[in-house]
Amino acid sequence: MDVELRHLRCLVAIVEEGTFTDAALALGVSQAAVSRTLAALETALGVRLLRRTSRSVTPTATGLRVLAHARRVLAEVDDLVREAGQGSQRLRVGYAWAALGRHTLAFQRRWSAAQPAVELHLVRVNSATAGLAEGSCDLAVVRRPLEDRRFDSAIVGLERRLCALAADDPLARRRSLRLSDLSDRTLLVDRRTGTTTPELWPPESRPAVEETHDVDDWLTVIASGRCAGMTAESTAHQYRRPGVVYRPVRDAAPVAVRLAWWRDDPHPAARPVIELLTELYRAAE
């Protein structure tokens, strides 16, 4: 016999209410049904779970262990039901490094004003899909195409590419840079989520590369002067760090900002989010 949720709820109710009679009242069933359900659970598990006397009901040692598991399982089921029910009332937007840069605050405030019934949460997940594949978000802001055909996406805006340098780097004195200025530098990149690869440079002048997987580590190393970095403009707005300056790279192609979602299960808010973000990026052009 399979263990069912009603078996676990019955066990928990008996222990918490103290008697079979009170458990029956709490569950809205007869006392006989409570007895049968507990017996079915003990038969399914092959162990005795409760000691029953005329005055009290107490768990056996095994019963205590099963009770702890039962409570965890029931809590997980409650969370699952709550999560499913809140799907249209909560919107989680994932991002890997920088959310929407200078548009982040405007997006949050304008969304709250226009969609007060849908609570917005920004979630940072440093993965290739910014948390979409992991189930950590409903929509994701990504800055490179997703090759996984399970996902669909739309471009909502463009961002300049900026070079991140130590504040005392000689190149930091310039107002802007070219790709060739970085050919003899070591670039610190995140291959999983970043927008910078050596392929941005001609084969004969590609810089050396080191890898990182976290924006805080990226900034710390760049501030030391050991490496330089190149990133989308949003990073400069979201991560201002003493000792690090950002300079535009005028001959580097801009970065496309995409909103991504599950192809076969798009969140109901996907379309209004695309429209709002597109409007915010266009207004800044």
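Fair warning: this is a prediction, and the values are worked out from it, not measured in the lab. In every chain, residue numbers begin from 1 and rise along the written sequence. Residue-level local features of this predicted model are given only where pLDDT is at least 70; pairs of side-chain atoms are given and counted only at 80 or more, and the full residue set underlies all totals for whole chains, interfaces and linings. The basis for the side-chain values is all heavy atoms of the structure; hydrogens and waters are excluded.

A. Examining the overall build of the chain more closely. Segments assigned H or I by DSSP are reported as helices when at least four residues long, segments assigned E as strands when at least two residues long, and all are numbered from the N terminus. Scanning the chain for helices and strands turns up eight helices and 12 strands. Two things to know: the radius of gyration comes from C-alpha atoms, and the globule rule equals 2.2 Å times the number of residues to the power 0.38. A globule of 285 residues ought to have a C-alpha radius of gyration of about 19 Å, yet the chain, at 28 Å, is considerably larger. Considered along the principal axes of its C-alpha atoms, the chain spans approximately 85 × 40 × 35 Å. Here the chain holds 285 residues, and the buried ones make up 44% of them. When checking whether two residues touch, look at their non-hydrogen atoms; a contact exists if any pair is within 4.5 Å. A fraction of 68% describes how many contacts in the chain between residues 6 or more apart in sequence connect residues 24 or more apart. Note that accessible areas follow from Shrake-Rupley with a 1.4 Å probe, and for residues the cover is restricted to the protein chains shown. Split by element, the accessible area of the chain, about 15,300 Å² in all, is 49% carbon and sulfur. Averaged over its 40 positive side-chain charges, the chain has a centre that lies 2 Å from the centre of its 36 negative ones. Relative accessibility thresholds used throughout: buried, under 20% of the residue-type maximum; exposed, over 50%; partly exposed, between the two (1.4 Å probe, protein chains only). His is not counted, nor are the chain ends, whereas Lys and Arg count as positive and Asp and Glu as negative. Working definition for charges: the position is that of NZ of Lys, CZ of Arg, CG of Asp or CD of Glu.

B. Broad picture of the layout of surface pockets. Its volume calculated, the second largest pocket comes out at about 170 Å³. Computed over the protein atoms alone on a 1 Å grid, cavities are sets of points where a 1.4 Å probe fits but cannot get out and pockets are open sets with protein on both sides within 12 Å along at least five of seven lines; a residue lines them when it has an atom within 4 Å of a point. Around the second largest pocket, the lining comprises 14 residues; the ones closest to its centre are Arg102, Leu158, Glu159, Glu233 and Tyr281. When residue character is reported, Ala, Val, Leu, Ile, Met, Phe, Trp, Tyr, Cys and Pro are called nonpolar, Asp, Glu, Lys and Arg charged, and the others, Gly included, polar. When its residues are assigned to classes, the lining of the second largest pocket shows four nonpolar, five polar and five charged. Grid points are joined across faces, edges and corners, and a volume is the space filled by probe spheres set on the points.

C. Highlighting the packing of helix H1 (residues 5-17) against helix H3 (residues 31-45). Lines fitted to C-alpha atoms define the axes, with helix axes restricted to the stretch in contact, and inter-axis angles between N-to-C directions lie between 0 and 180 degrees. Interaxial distance between H1 and H3 falls to 9 Å at its minimum, and their mutual angle equals 115°. As judged from the angle between their axes, H1 and H3 are roughly perpendicular. Judged by the sense of rotation from one axis to the other, the crossing of H1 with H3 is left-handed. Facing Arg6, His7, Cys10, Leu11 and Ile14 of H1, the residues of H3 in contact are Val34, Thr37, Leu38, Ala40 and Leu41. For the contact of H1 with H3, the per-class residue count stands at seven nonpolar, two polar and one charged. For this classification, under 35 degrees means roughly parallel, over 145 means roughly antiparallel, 65 to 115 means roughly perpendicular, and everything else is oblique. Should the near helix be turned counterclockwise from the far one by less than a right angle, the crossing is left-handed, whereas a clockwise turn marks it as right-handed.

D. Layout of the sheet that holds strand E10 (residues 229-232). Strand pairing is assigned whenever DSSP identifies at least 2 bridges connecting the two strands. The three strands lie next to each other as E10-E7-E11, forming an open sheet whose pairing is antiparallel. Where the open sheet ends on each side, the last strands, each with one partner, are E10 and strand E11 (244-248). Each neighbouring strand pair of the sheet contributes to a mean axis angle of 35°, computed without reference to strand direction. When strand E7 (residues 161-166) meets E10, the two strands line up antiparallel, connected through four bridges. By the bridge assignment for E10, Cys163 is matched with Met230.

E. Highlighting the sheet that holds strand E4 (residues 119-124). Taken together, five strands build an open sheet; the order of strands is E4-E3-E5-E12-E6 and the sheet is mixed. Two strands in the sheet have a free side with no partner beyond their single neighbour: E4 and strand E6 (151-159). Each strand of the sheet is rotated relative to its neighbour by a mean of 25°, with strand direction disregarded. Where helix H5 (residues 104-114) meets the sheet, its contacts fall on strand E3 (90-95) and E4, and the angle it forms with E4 comes to roughly 155°. Contacts from helix H8 (residues 270-283) reach E3, strand E5 (139-142), E6 and strand E12 (255-262), with the element oriented near 15° to E6.

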